[in-house]
Amino acid sequence: MTQQDISDAQIDRTRIDGGFSFAIAAFILGFGLLAVLERIGLPDEMLRSGVIALIFSDLAIVALLLRTMRPVDFYAGGRQLPGAYAGIAFAGMVLGLFLPFLPPGQQGISFASVATGFCIGVLWALFATGPALRRSGAYSITDFIVSRFPTILIRGPVVLIIGFCAACVALGGYEIALHSFVAATGLDRRLGCAILGGLIILLIVPAGLSGVIWVAAAAAIVMVSALILPLGLDLLSGLPLAVPIFGDHALWAKATTQFSVLTGMSVRAPSQLSVIIATGLGLATLAPLFGAAVASRDEGEAWRSGIVGMVWLALGALLITTTLAGATLALETTVGNRVATALPHSILAASARGDIAICGIHTSDPIVLDFACGAKAENGQLRPAWQDMRTDASYLLQSLPRLRGSEPTLARLAAAFMIVLGTGLAAAGLQTLITALGHDILHPKRRKFGPVSRRLAFTRALAIGFVILASYWLAGRAVDVRTLFGLALMLSAALVAPILTLALIPGTTSVSAFTALCVAAFVTVHFLIFDAAVMPPHELATDAIFAAFDGLAIGLFVTLLPKVFLPDGFASKQKAAGTDAPQRPSGRVPD
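On to the overall build of the protein, then. Along the protein, the regular secondary structure elements total 22 helices and 2 strands. For the protein, with 591 residues in total, the buried portion stands at 54%. For the protein, the proportion of contacts with a sequence separation of at least 24, taken over those separated by at least 6, is 82%. Working note: accessible area of the protein is about 25000 Å², and carbon and sulfur atoms make up 68% of it.

A word on the packing of aromatic side chains. As enumerated under the stated definition, the model contains 7 aromatic pairs in all. Measuring from ring centre to ring centre gives 5.9 Å for F98 and F111, while their planes differ by 45°; the resulting arrangement is tilted. Of the two residues, F98 sits in helix 4 (residues 83-98) while F111 sits in helix 5 (residues 111-136), which places them 13 residues apart along the sequence. Between F101 and F118 the ring centres are 5.8 Å apart and the planes differ by 55°, which places this aromatic pair in the tilted class. Linking F101 in the loop between helix 4 and helix 5 with F118 in helix 5, this pair joins segments that are 17 residues apart in sequence. F118 carries the same exposure label as F101, and that label is buried. Feature note: the residues F98, F101, F111 and F118 constitute an aromatic cluster, connected by ring pairs. Against the face of W473 rests R477, its NZ or CZ located 4.1 Å from the ring centre.

With respect to the secondary-structure elements, P270 resides in the loop between helix 10 (249-263) and helix 11 (273-284). Among the residues examined, P270 registers a relative accessible area of 61% and is labelled exposed. Residues P270 and S110, spaced 160 residues apart in sequence, show a C-alpha to C-alpha distance of 6.8 Å. Setting aside residues up to four positions removed in sequence, P270 forms contacts with S110 and S113.

What follows concerns the pattern of salt bridges. Using the criterion set out here, one finds 8 salt bridges in the structure. Within the structure, one salt-bridge network assembled from shared partners comprises R297, E301 and R304.

Moving on to the layout of surface pockets. Put simply, the largest pocket is a space of about 1200 Å³. Along the wall of the largest pocket there are 48 residues; nearest its centre are H179, D355, S394, Y395 and Q398. Split into classes, the residues belonging to the lining of the largest pocket amount to 23 nonpolar, 13 polar and 12 charged. The volume enclosed by the second largest pocket comes to roughly 810 Å³. Surrounding the second largest pocket, 30 residues form its lining, F98, F111, A115, A317 and T321 being those nearest its centre. Listing elements by their share of the lining of the second largest pocket, those giving two or more residues are helix 4, helix 5, helix 10 and helix 13 (299-335).

Bringing empty space enclosed by the protein into the picture now. In the structure shown here, the tally under the stated rule is 10 cavities of 30 Å³ or more. Quantified by volume, the largest cavity comes out at close to 130 Å³. Elements with a contribution of two residues or more to the lining of the largest cavity: helix 9 (209-236), helix 12 (291-295) and helix 17 (408-440). Looking at the lining of the largest cavity, its residues break down into 11 nonpolar, 5 polar and no charged. By volume, the second largest cavity amounts to about 80 Å³. Taken together, 13 residues form the lining of the second largest cavity, with F90, L126, A293, A302 and S305 sitting closest to its centre. Elements that contribute at least two residues to the lining of the second largest cavity include exactly helix 4, helix 5, helix 12 and helix 13. Counting residues per element, the lining of the second largest cavity draws most heavily on helix 5, at 4 residues. Here the lining of the second largest cavity is built from residues that sort into 9 nonpolar, 4 polar and no charged.

Here the focus is the packing of helix 16 (residues 393-404) against helix 17. If you want to describe how two helices pack, look at the angle between their axes and the distance between the axes. Direction vectors running N to C along helix 16 and helix 17 enclose 170°, while the axes themselves pass 8 Å from each other. Viewed along their axes, helix 16 and helix 17 adopt a mutual orientation that is roughly antiparallel. Together, L397, Q398, P401 and R402 of helix 16 and L410, A411, R412, A414, A415, F417 and M418 of helix 17 make up the contact between the two elements. Here the contact of helix 16 with helix 17 is composed, by residue class, of 8 nonpolar, 1 polar and 2 charged.

With respect to the element layout, T279 can be found in helix 11. For T279, a relative accessible area of 6% corresponds to the buried category. Those residues in contact with T279, other than ones at most four positions away along the chain, are V114, G117, F118, L489 and M490.

Under the 1.5 Å per step criterion, the end-to-end length of helix 5 is 35 Å for 26 residues, consistent within 8% with the ideal 38 Å. Considering bend angle alone, the principal kink of helix 5 is centred on A125 and spans about 45°. Taken from the residues just after helix 5, G137 is the one with a positive phi, measuring 80°.

Look at the link from P103 to P104: it is a cis peptide, with omega at 0°. Mapped onto the fold, P104 is located in the loop between helix 4 and helix 5. With a phi angle near 60°, R79 is a residue other than glycine that sits in the positive phi range. Mapped onto the fold, R79 is located in the loop between helix 3 (71-76) and helix 4. Judged by relative accessible area, R79 falls into the buried class, the value being 2%. The phi dihedral of C359 is positive, around 55°, even though this residue is not glycine. Within the secondary structure, C359 is located in the loop between strand 1 (356-358) and helix 15 (366-374). The exposure class assigned to C359 is buried, which follows from its relative accessible area of 7%.

What counts as what
- Residues numbered from 1 in each chain as written.
- Predicted model: local features only at pLDDT ≥ 70, side-chain atom pairs only at ≥ 80, totals over all residues.
- Heavy atoms only, no water.
- Helix = DSSP H or I, 4+ residues; strand = E, 2+ residues; numbered from the N terminus.
- Buried < 20%, exposed > 50% of the residue type's maximum accessible area, 1.4 Å probe, protein only.
- Contact = heavy atoms within 4.5 Å.
- Areas by Shrake-Rupley, 256 points an atom, 1.4 Å probe, with all protein chains shown as cover.
- Phe/Tyr/Trp six-rings, centres within 6.5 Å; stacked < 30°, edge-to-face > 60°.
- Lys NZ or Arg CZ within 6 Å of the ring centre and 35° of its normal.
- Salt bridge = Lys/Arg side-chain N within 4 Å of Asp/Glu carboxyl O.
- 1 Å grid on protein atoms, 1.4 Å probe; cavity = no way out; pocket = protein on both sides within 12 Å on 5 of 7 lines; lining within 4 Å.
- Points joined across faces, edges and corners; volume = space filled by probe spheres on them.
- Nonpolar A, V, L, I, M, F, W, Y, C, P; charged D, E, K, R; others polar.
- Axes fitted to C-alpha atoms, helices over the stretch in contact; angles between N-to-C directions.
- Parallel < 35°, antiparallel > 145°, perpendicular 65-115°, else oblique.
- Expected span 1.5 Å × (residues − 1).
- Bend = angle between axes of the 7 residues up to and from the residue.

Take a look at the structure:
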């Protein structure tokens, strides 16, 4: 490394640190100003809009400052991202992906199995897939696979598979952001689609992967800030915290019991090994999660980002657990022994929005509640509303400041972090999709498809087109985020994991990869078409594991076949003739 290289690296690091410091300082100053304005009488409607506008204006300014026309900047974030920032961005994406799986979970799948699978997948992604991807010098998992196996028989199906998984993540993230945005601002869903769609285009189109990384990092920071501030106020006020390790154990046990009642979560549900393995495999090969690894300065920074990412994820898990416990106890205190018709207005309003079910229905009408709860009366006496309330973890996670009666600014910040998390996931999925369709699907000798500026323009047009289509689709209907994310994880486990594993093994060829892909795809299509409607989810996870294992086994068998059944000389000639393109060295990817 020359002195000029060191100087350039220092300049890049200074520029990144400066942009990050500017965004943090602007966020703190803006949030403090909103808190002051709220104290002197700022209307609640303006406060709600002000918190969201503050967050997205910072992100939009950073994205515009990072605008580029260089492929290595647009697709790979410039390859100068320090490990600390890469770890924060990865944590933001994983937290957003995990939150929809909080209780109440899908029927037949225990939450403990999903959480364990996420832990295994995160470790695998941070310390195996991410560093290996950065070492290869590829723009994405898709680019790595199709560079290792350049034939169109591999390139086309892999791009479509990973593109579909990325589209599921993007659409699910968009739905998370849209649902939270409409709930926080009270706007019409169609208008919310138009505003969020424009923001996503503004965050991605100018800067590409760099914009995605800063959105994901901001999502992690805003979420931690939104969760830690109310808990800090409780701690300063002398209130005990329901924390499983350092807090009040009796309070924690009570919160756990009440939380299981509120969400319908079974505390003693057995762990399911198939769900754990399939979730871990899917998360370790889910392409939208690895943008930060691609943008890391080198393989060493990718490793260091794993340590930082684990710290942020552990902090996020602790804050989520403590917040859910605190919100559960706060909701019980707010409701008390009241009957349903005497509940506070805030609880009735949450029921009307669909966040809380009271006596099995969502309404704020006392007459309807009196009729519904009267059917459950015992000896002519209405039971306390607490016994007939059901809610989900996402509502509790955002409602602690409101239930505690804390500062309205904190309540609005808690309502805003889900918007940023969803936007980060939507941006990550969209960036992976347009990279696959605008770059990875092309022949390795890309110059024949025109100059770089034309291809980047096509990729940006793809991003705008997808956002418009997604906005049109979501404007009229809501989608099941958990189903979309689960489908992306299962397809990644069944189809991407075996091909990626073969790409990492020296000596494998396109023939073995194509055979593995055909077998895995056949098994996957069979269980999706014929079994998905009738089989329990954990058995579908087992089928995904079988698809991955069968594909990998067949691929390895085909790789070893010439060495076992053919003469040594013929096998050597076949190997020499069929060797695929070598992996790219670490560093910038040639155009």
